[in-house]
Amino acid sequence: MEAIWILLLLFVLIMLLGVYAAVRTVRAAKRGIDRTVHQARRTVEETRLRARQLAQPGAAGDLAQLRLSLRGSMRATEQALQAAAPQDRSLSESLGLFQRLSAHGQDLDADLKRLEQEPDKARIAALLPELRQRTQRITHSADSLRWAVQERTQRLAHDDLDSLGREIELETGALRHWTAAEPEAPRTEAPGPGAPGPAGAGARPAPEAEARLTPEPGPRTGSEAGREPESPPSPPALGATPTEPPAWQNSWQKPWQEPTRPENPA
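Residues numbered from 1 in each chain as written. Predicted model: local features only at pLDDT ≥ 70, side-chain atom pairs only at ≥ 80, totals over all residues. Heavy atoms only, no water.

**Comments concerning the pattern of salt bridges**
Summed over the entire model, instances satisfying the criterion amount to 14 salt bridges. In this structure, Asp-62 and Arg-132 form a salt bridge, with 4.0 Å as the shortest nitrogen-oxygen distance. Of the two residues, Asp-62 sits in helix α2 (residues 59–84) while Arg-132 sits in helix α4 (residues 121–175), which places them 70 residues apart along the sequence. For Asp-109, the salt bridge identified is with Arg-71, shortest N-O distance 3.7 Å. Separated by 38 residues along the polypeptide, Asp-109 in helix α3 (residues 92–115) and Arg-71 in helix α2 bring together distant segments of the chain. Taking the relative accessible area as the measure of exposure, Asp-109 reaches 15% and is therefore buried. (Salt bridge = Lys/Arg side-chain N within 4 Å of Asp/Glu carboxyl O. Helix = DSSP H or I, 4+ residues; strand = E, 2+ residues; numbered from the N terminus. Buried < 20%, exposed > 50% of the residue type's maximum accessible area, 1.4 Å probe, protein only.)

Here you go:
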């Protein structure tokens, strides 16, 4: 029994989905048909107005010209706004202003259409200056709005193109990282065994100078025979100022100042 109820519920859901899809399809088709009919009527109307403008000079031709200029300006502005609004959300206020302007344009077009059926030509001639002024004001507002939207769209496109170009240049530079010339470190060659080093660094006296500085040892006395020979101290570091003479100079240059030890009688 439960399986039957589940099948009935699924059947009802499928029927509802089918009805919803059919309604959506019918509405979409109706909108398409209405749009096609509206475009066809507009094309027929504009063709009739062009023919009247050329075939009927005077007040009737002036009315047809005013209607053509009004309809053309309003249609071009509407198309520009509809094309730019999805990419630029800040045009919502502009769309609101155009809707208000469209209401005035529709009222003016209705007045011009009624005057086409007016048999009194004098009345039409008397009303033409005021109607021409209204038409110029509406078309000027529509044209200004359309030009501003077009300039804004072009400016945004140029800014986006500039930003894209900079990003592409950075990316191409990153992709071609191996072409960047890396600075080479200066190569220092080790000096040879016979090459002189830098001045003042690790310089040693010549062998002749060392020989002159080192005194020859004389005959040792009995007290000196039992002592081990002292190794000469290392020379002082370069740049250091000696405060007192080395010990080896004191031992060899002034032997009389050393204390004499008594000799062992053994």
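Moving on from the coordinates now.
**Quick word on the side chain of Asp-143**
Mapped onto the fold, Asp-143 is located in helix α4. Judged by its relative accessible area of 17%, Asp-143 is buried. Here the side chain of Asp-143 touches Ser-73 through a polar contact of 2.7 Å, side chain to side chain. Here Arg-146 takes part through its side chain, which lies 2.8 Å from a polar atom of the side chain of Asp-143. If we ignore the near neighbours within four places in the chain, the residues touching Asp-143 are Ser-73 and Thr-77. (Polar contact = N/O pair within 3.5 Å; in protein donor to acceptor, adjacent residues only side chain to side chain. Contact = heavy atoms within 4.5 Å.)

**Brief notes about a nonpolar patch on the surface**
Among the surface-exposed residues, Ile-6, Leu-7, Leu-9, Leu-10, Phe-11, Val-12, Leu-13, Met-15 and Leu-16 lie close enough to one another that they form a single nonpolar patch of about 910 Å² accessible area. Relative to the elements of secondary structure, Leu-13 occurs in helix α1 (residues 2–55). Judged by relative accessible area, which is 43%, Leu-13 ranks as partly exposed. (Patch = residues over 30% accessible without salt bridge, like charges linked within 9 Å, V, L, I, M, F, W, Y side chains within 5 Å. Areas by Shrake-Rupley, 256 points an atom, 1.4 Å probe, with all protein chains shown as cover.)

**As for the confidence of the model for the protein**
Put simply, the protein has an average pLDDT of 75, and 67% of its residues get 70 or more. Predicted confidence for residues 197–203 stays below pLDDT 50, and this span has 3 contacts to residues more than four positions away or in other chains. The model gives residues 251–256 a pLDDT under 50, and that stretch makes 5 contacts with residues more than four places away or in other chains. (pLDDT = per-residue confidence, 0-100.)

**What to know about the nonpolar core**
The biggest cluster of nonpolar side chains holds 20 residues, and the ones touching the most others in it are Leu-63, Met-74, Leu-108, Leu-112, Leu-128, Leu-131 and Ile-138. Counting only elements with at least two residues in this core, the list comes to α2, α3 and α4. In this structure, Leu-112 is in contact with Leu-63, Leu-66, Arg-67, Leu-131 and Thr-135, ignoring residues within four places of it in sequence. (Core = buried A, V, L, I, M, F, W, Y, C linked by side-chain atoms within 4.5 Å.)

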